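# Fold and contact review
Below, each chain spelled out in residue letters.
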Amino acid sequence: MQSELGTLYVVATPIGNLQDITFRAIEILRQVDQVVAEDTRHTRILLKHFSIQKPISALHDFNEHQQLRKVIHALQQGKSIALVSDAGTPLISDPGFPLLREAIACGIKVIPIPGVCAAIAALSVAGLPTDQFVFEGFLPAKQEARRQRLQLLSSETRTIVFYEAPHRFISAMQTMVDVFGGKRMACVARELTKIHESIISDHLQSLFTYFQSHPAKQRGEFVIIVAGVQLDNQSDSASSKQVLNILLSELPLKQAVKLASKITGERKNVLYEAALNLSLK
Ligand code: SAM
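Criteria and thresholds
Residues numbered from 1 in each chain as written. Predicted model: local features only at pLDDT ≥ 70, side-chain atom pairs only at ≥ 80, totals over all residues. Heavy atoms only, no water. Buried < 20%, exposed > 50% of the residue type's maximum accessible area, 1.4 Å probe, protein only. Helix = DSSP H or I, 4+ residues; strand = E, 2+ residues; numbered from the N terminus. Arc of directions from axis to C-beta. Pairing = 2+ DSSP bridges. Axes fitted to C-alpha atoms, helices over the stretch in contact; angles between N-to-C directions. Near = heavy atom within 4 Å. Polar contact = N/O pair within 3.5 Å; in protein donor to acceptor, adjacent residues only side chain to side chain. Areas by Shrake-Rupley, 256 points an atom, 1.4 Å probe, with all protein chains shown as cover. 1 Å grid on protein atoms, 1.4 Å probe; cavity = no way out; pocket = protein on both sides within 12 Å on 5 of 7 lines; lining within 4 Å. Sits in = over half its atoms within 2 Å of the grid points.

Here the focus is helix α6 (residues 143-153). Turning to α6, its buried residues number three or more, namely R146, L150 and L153. For α6, the angular spread of the buried residues around the axis is 55°, confining them to a single face.

Another point: the sheet that holds strand β4 (residues 81-84). Taken in spatial order, the five strands make up an open sheet running β3-β2-β4-β1-β5, and their pairing is parallel. Unpaired on one side and paired on the other, β3 (56-58) and β5 (109-113) mark the two borders of the sheet. Going from strand to strand, the sheet's axes swing by 25° on average, the running direction of each strand aside. Across four bridges, the pairing between strand β2 (residues 34-37) and β4 is parallel.

Near the ligand there are 19 residues, and of these T89, D94, A118, Y163 and F222 occur at the shortest range. I92 places a polar main-chain atom, nitrogen or oxygen, 2.9 Å from a nitrogen atom of the ligand. At a separation of 3.4 Å, a nitrogen atom of the ligand approaches a polar side-chain atom of E221. Against a free-state accessible area of 580 Å², the protein chains account for coverage of 91% of the ligand. Here the ligand is seated within the second largest pocket.

Given below as structure tokens:
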């Protein structure tokens, strides 16, 4: 019965420059019975550009669960379907996960048609280690939750990749400077593959100062890549925490933090946070 089932193709599309679509993606989009898209208007423009006419239905975060049943039914009837998002690789900070999971559970064949992904494009030119990296996608929208997320990442040694919306970009950069420290190396890849593409690698503080003083450059799409903490920095912070620990056993918290900061040069807010964690244990 398996052979009667259709195939779900997960097709990557460009993130700006339409020439970044692959030959195979065009071929598959021409072949399939139906295209399932995050935004039908957006995908219609893409298909029109390549003279492809196909029925397109919408699958986005707000209708994903209802639409899923229809798509699975069509696949079970032997139809072939291409899943695309507005830009880049579907499911990478884009809709499609419940559909894919269900398709796999139903024994439907799923085939990736690889292509552009903003995170990978940015990583390939950031000038930061790529042997190990973590993809964090979008940080939480609320300031406090964002800070907490970054704090959890402050001892991450692998390169960290973030997506960020333009209206939150500058405040995210500010929080990264606060939490990771201004000396951490980073890269801001803006408007990749588009006319105003820019890729700047520098210390977090310099990047923040630059973008803060150029409001026009705060518009567009951003990938922010931050170097992982260096192992020698980690041992610095380990020793500053050891000093803090010793002082905490003899002194009130505020005084211990102040002295530990003077002795080790570590920022007071980092030590204060560490002191709170230690006193909770
Ligand atoms: N699925 C996409 C991919 O494969 O990269 C990502 C979709 S996610 C909804 C959109 C985010 O990706 C943007 O907010 C931005 O962080 C990043 N992005 C997408 N296109 C970009 C571009 N041309 N330049 C820089 N970042 C981009």
